[in-house]
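Chain by chain, the residues run as shown.
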Amino acid sequence: MSQRRSHTPRPPRKYPWLRSAAERGAGAGPRSRTGAGTGAAGPPSADSGPAAVDGTPVADEQSVVDAAVYRDGRRVGTPDGLAATFRRLREEPGAMAWIGLHRPTEAELLSVAEEFDLHKLAIEDAMEAHQRPKLERYGETLFVVLRAARYLDAVEEVDFGELHVFVGPDFVITVRHGAAPDLSAVRARMESAPELLALGAEAVLYAILDAVVDGYAPVVAGVQNDIDEIETEVFRGDPAVSRRIYELSREMVEFQRATRPLVGMLRGLMAGFDKYGTDEELQRYLRDVADHVTHTSERVDGFRSALTDILAVNATLVTQQQNAEMRALAEAGFEQNEEVKKISAWAAILFAPTLVGTIYGMNFTHMPELHWVLGYPFALLLMAVVCVSLYVIFKRRDWL
């Protein structure tokens, strides 16, 4: 990327698919670089599709966060919109354009692709989003996909964003899908260091990489705090901790997918230092970013292992708690059975005199014992013998 891109107008429509996608519904023939159609055309209607400036399809440009032209590390222009940025870049030899887009429309991406000859596969990836982190080179243009992350303290969750970066000899295009990272801070930092920004588009790329990697630090700290809290909840027996472990484990899987590919990407960039003549200062800068990425990736791997261990410990504790509860229930049932046996034994003992008394209380005429002199002592003796016999039997069986 050490060679500068020529500012002479490019041949129109290098990729026919760009024109057909950006101008569908316009009802006009192919436009030239000056905007003139091949046939007569009236003023564009409200539903005629995106207008064209210098042959470049543009949209409403509501997603353009910031667009600036830099020369020698200093901002020399802040054009209003993509088309104006393209014109200003052509008018400034040796300048660099830095365009920031947030969830751009298809027409805006096609406009940028048409101007800077971006590869259609990279544009398709930027349109669809949901890409894995990667680095691809298309001629003099680098296409980088990054997954940024931020920690949300209010809900104790990790929010992931996606960032696509196109880096050419004299341009940097950032396409952001999500709230992270805050590229305005990166731009302000670079503008405050013009000697670094003067190194060109590579310096901007490495600054963006540094911002994304630095954004992982608060996430790592937040996750570490969550894991400490989870450990406390596990040994405290909180029943909701299993769900929290599962959700945090899923977030760590996403975090690992965001950080692990960066290690290989940065190694690839470092391997091309000599081939592409990367400035020595940028080489040191990139090595520092690579160290941070490696450290973060190792921490994330450690988090996944820790969560796996915590989940196993929690399962063991839950099983032990369930066993203790089952044992307590069994003991309670045993004690209840013992009490039932005692009650049943005493009920049987008390039932014997009741039975005898009930029989002799019927007062039938022909009951010899009613008129017997020893009838009453005999009934009492019979009650006593039955009660004592039952008591001895139940006592030997440990019911009493």
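Now for a description of the structure that goes with this document. What you see is a predicted model; the values in this text were computed from it and never measured.

## Observations regarding the overall build of the protein chain
A tally of regular secondary structure across the protein chain gives 12 helices and 9 strands. For the protein chain, the residues scored as buried account for 42% of the 400 residues in total. A separation threshold of at least 6 residues defines the contact pool for the protein chain, and within that pool the share at least 24 residues apart is 65%. As displayed, the protein chain has an accessible area near 21,400 Å², and 55% of this comes from carbon and sulfur atoms.

## Examining the pattern of salt bridges
Evaluated as defined, the whole model comprises 20 salt bridges. One salt bridge connects E254 with R147, and the closest N-O pair in it is separated by 3.9 Å. Residue E254 is found in helix α9 (residues 241-271), and its partner R147 is found in strand β7 (residues 141-152); the two are separated by 107 residues along the sequence. Several salt bridges converge on common partners, so that one network encompasses E156, D226, E229, E233 and R244.

## Digging into the side chain of T85
Mapping T85 onto the fold places it in helix α2 (residues 82-91). Non-local contacts of T85, meaning those with residues more than four positions away in its chain, are made with A67, V69, P79, A97 and I99.

## Comments concerning the pairing of strand β8 (residues 157-167)
For a regular strand, the rule is simple: side chains alternate between the two faces of the sheet. Counting buried residues along β8, 9 of its 11 residues qualify, which places the element largely inside the surrounding structure. Between β7 and β8, which pair antiparallel in sequence order, lie 4 residues; one of them, E156, sits at a positive phi of approximately 55°. Where β8 folds back on strand β9 (residues 171-177), the antiparallel hairpin that results is connected by 3 residues.

## A word on the pairing of strand β4 (residues 74-77)
As paired elements, strand β3 (residues 64-71) and β4 share 3 bridges and run antiparallel to each other. Along β4, the bridge assignment pairs R71 with R74. Between β3 and β4, which pair antiparallel in sequence order, lie 2 residues; one of them, D72, sits at a positive phi of approximately 60°.

## With respect to the side chain of T141
Tracing the backbone shows T141 in strand β7. For T141, the contacting residues outside a window of four places in its chain are L118, E136, V167, G168 and F171.

## A closer look at unusual backbone geometry
Here R103, not a glycine, exhibits a phi torsion of approximately 45°, which is positive. The exposed category is assigned to R103, whose relative accessible area is 52%.

## Description of the packing of helix α7 (residues 201-214) against helix α11 (residues 280-360)
The N-to-C vectors of α7 and α11 enclose an angle of 20°; their axes lie 10 Å apart at closest approach. Between α7 and α11, the angle falls in the class roughly parallel. Remark: the crossing between α7 and α11 carries left-handed chirality. Here E202, A203, Y206, A207, L209, D210, V213 and D214 of α7 lie close against α11, whose contacting residues are L282, Y285, L286, V289, H292 and V293. Among the residues forming the contact of α7 with α11, the class breakdown is 10 nonpolar, 1 polar and 3 charged.

## Looking at the packing of aromatic side chains
Under the criterion given, the structure shown has 8 aromatic pairs. Here W346 and Y391 contribute two aromatic rings whose centre-to-centre distance is 6.0 Å and whose plane-to-plane angle is 45°, an arrangement assigned as tilted. Taken together, the residues W346 in helix α11 and Y391 in helix α12 (residues 375-396) connect sequence positions 45 residues apart. On the basis of relative accessibility, which here comes to 35%, the residue Y391 falls in the partly exposed class. Site record: aromatic cluster; members linked through ring pairs are F86, F116 and F171. Of note, R187 hangs over the ring of W98, and the distance from its end group to the ring centre comes to 4.3 Å.

## Here we look at the sheet that holds β3
Spatial ordering of the open sheet is given by β4-β3-β5-β9-β8-β7-β6, a layout of 7 strands whose pairing is mixed. The sheet terminates laterally at β4 and β6 (134-138), the two strands that pair on one side only. Between one strand axis and the next, the sheet turns by 25° as a mean value, whatever way the strands run. In this structure, strand β5 (residues 96-102) lies alongside β9, joined through 6 bridges in parallel fashion.

## Brief notes about the environment of V263
Looking at where V263 falls in the secondary structure, it is placed in helix α9. Taking the C-alpha atoms as reference, V263 lies 8.1 Å from S297; in sequence the two are 34 residues apart. In this view, V263 contacts V293, T294 and S297; residues no more than four positions away in its chain are not counted.

## Brief notes about the nonpolar core
Ranked by internal contacts, the top residues of the largest apolar core, which has 62 residues, are L146, Y206, I208, L209 and F255. The element best represented in this core is α9, accounting for 11 residues. Once you skip the residues sitting within four places of it in the chain, L146 turns out to touch G161, E162, L163, I208, L209, V212, L262 and M265. One finds A67, L109, I123 and V175 within the second-largest nonpolar core, a separate group that totals 25 residues.

## Some points on the environment of V213
On the secondary structure map, V213 appears in helix α7. In this structure V213 comes out as buried when scored by relative accessible area, which is 4%. It is 9.7 Å that separates the C-alpha atoms of V213 and L146, two residues lying 67 residues apart in sequence. Apart from residues lying up to four places away in sequence, V213 is in contact with L262, V289, H292 and V293.

Calculation rules
In this convention, every chain numbers its residues from 1, walking through the sequence in written order. Only residues with pLDDT of at least 70 get local features here, since the model is predicted, and only at 80 or more are side-chain atom pairs given and counted; chain-wide, interface and lining totals rely on the full set of residues. Side-chain measures here rest on the full set of heavy atoms in the structure, leaving out hydrogens and waters. Note on conventions: DSSP H or I runs of at least 4 residues are helices, E runs of at least 2 residues are strands, and numbering of each starts at the N terminus. Note on classification: 1.4 Å probe, protein chains only; a residue is buried when its accessible area is under 20% of the maximum for its type, exposed when over 50%, partly exposed between these limits. When checking whether two residues touch, look at their non-hydrogen atoms; a contact exists if any pair is within 4.5 Å. We get accessible surface area from the Shrake-Rupley algorithm with a probe of 1.4 Å; when it comes to residues, only the shown protein chains can shield them. One speaks of a salt bridge when a side-chain nitrogen belonging to Lys or Arg is within 4 Å of a carboxyl oxygen belonging to Asp or Glu. Strands qualify as paired when DSSP identifies two bridges or more between them. Only C-alpha atoms enter the line fits that serve as axes; for helices the fit covers just the stretch in contact. Angles between N-to-C directions range over 0 to 180 degrees. Between 65 and 115 degrees an angle is taken as roughly perpendicular, under 35 as roughly parallel, over 145 as roughly antiparallel, and anywhere else as oblique. Each crossing gets its handedness from the near helix: less than a right angle anticlockwise from the far helix is left-handed, clockwise is right-handed. Residue polarity follows a fixed list, in which Ala, Val, Leu, Ile, Met, Phe, Trp, Tyr, Cys and Pro are nonpolar, Asp, Glu, Lys and Arg are charged, and the others, Gly among them, are polar. Each Phe, Tyr or Trp ring, with Trp reduced to its six-membered ring, pairs with another whose centre is within 6.5 Å; inter-plane angles below 30 degrees give stacked pairs, above 60 give edge-to-face pairs, and intermediate values give tilted ones. Only when the NZ of Lys or the CZ of Arg is both within 6 Å of the ring centre and within 35 degrees of the ring normal is a charge said to sit over the ring. By nonpolar core we mean a set of buried residues, namely Ala, Val, Leu, Ile, Met, Phe, Trp, Tyr and Cys, connected to one another through side-chain atoms within 4.5 Å.

Shape is all these values report; function is a separate question.
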